[in-house]
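Breakdown of the fold
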Amino acid sequence: MDKRNFLLKLNKVVLLFEVLISLLLLLGIVFSIPDIFKYYVVILKSDVTLSLELFKQFLSHVLLLVIAMEFVLLMVAHTDTTITHLIMLVIARKMLIVSENMPDLLIGVIAIAILFIVRKYLVQGSATSDVIFDGGIKVFSASMPISEINKQYNFNIDTRGFETLGGLVSKLFEEKSQELELGGLVDDGIYIYELQKVSNGVIDTISIHHV
């Protein structure tokens, strides 16, 4: 079996398992929601000193459910934005619930700052030409016209009404409910398209392989 064919099939199997696990996690979140209302009852019946501690537990419980929901999104989306939100929520929960002194809060603030700096600056630059040769593999710019690829490189890609390669591949990912991410694989029945570079949810470069 061709390696990329195998990776495509493996990618689909993994995606199915991730969806299944995400559904089970969502079910757990739903079962945990009634506990939120139980906290209200207990807090109302408690005195001021005890209710403060109960409210911290309540807030911890709610934030944990929010983190779980964000984790579900990460399982099915795998986007930089989702990862950023998840990490930020984890840090925020620790700062609100666990941190009780200034050094802990300062570390949390620094962690959030580093998170945004990494996301903003450690992003690969865009391609400088329409075709790049990477170890013998042709990597095409997403903005390259499909008609030009077919003509110059002897492909027979069905445009499906799209002018550029990026437009076609984006549509294929949308039809299969897959997120645009580095290394993502999708096929049209004839060719396998692999995302070689993605910046902020936008495709930069794509390699093409026969199924």
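Quick look at the structure, then. (Residues numbered from 1 in each chain as written. Predicted model: local features only at pLDDT ≥ 70, side-chain atom pairs only at ≥ 80, totals over all residues. Heavy atoms only, no water.)

Take the pairing of strand S4 (residues 191-199) next. The side chains of a regular strand alternate between the sheet's two faces. Taking burial as the measure, the 9 residues of S4 include 8 buried ones, the bulk of the element. Taken together, strand S3 (residues 185-187) and the strand that follows it, S4, pair antiparallel across an intervening segment of 3 residues, in which Gly189 is found at a positive phi of about 95°. Bridge analysis of S4 against strand S5 (residues 202-210) gives 8 bridges, and the strand direction is antiparallel. Residue pairing across strands places Glu194 opposite Ser207, the latter belonging to S5. Between S4 and S5, which follow one another and run antiparallel, lie 2 residues, and Asn200 among them has a positive phi close to 50°. (Buried < 20%, exposed > 50% of the residue type's maximum accessible area, 1.4 Å probe, protein only. Helix = DSSP H or I, 4+ residues; strand = E, 2+ residues; numbered from the N terminus. Pairing = 2+ DSSP bridges.)

As a further point, take the packing of aromatic side chains. If you walk through the whole model with that rule in mind, you get 7 aromatic pairs. Here the aromatic rings of Phe37 and Tyr40 are separated by 6.4 Å at their centres, their planes lie at 50°, and the arrangement is tilted. Residue Phe37 and its partner Tyr40 are located together in helix H1 (residues 3-45), separated by 3 residues, close to a single helical turn. By relative accessible area, Phe37 is classed as exposed at 54%. Aromatic pair Phe55 and Phe58: ring centres 5.7 Å apart, planes at 35°, arrangement tilted. Here the residue Phe55 and the residue Phe58 both occupy positions in helix H2 (residues 48-77), the gap between them amounting to 3 residues, near one helical turn. Phe58 gets classed as buried once you look at its relative accessible area, which sits at 10%. (Phe/Tyr/Trp six-rings, centres within 6.5 Å; stacked < 30°, edge-to-face > 60°.)

Take unusual backbone geometry next. The phi dihedral of Asn154 falls on the positive side, at around 60°, and the residue is not glycine. Position of Asn154 among the secondary structure elements: in the loop between helix H5 (146-153) and helix H6 (165-175). Residue classification places Asn154 among the exposed residues on the basis of a relative accessible area of 71%. The phi angle at Arg160 is positive, at roughly 50°, despite the residue not being glycine. Counting through the fold element by element, Arg160 comes out in the loop between H5 and H6.

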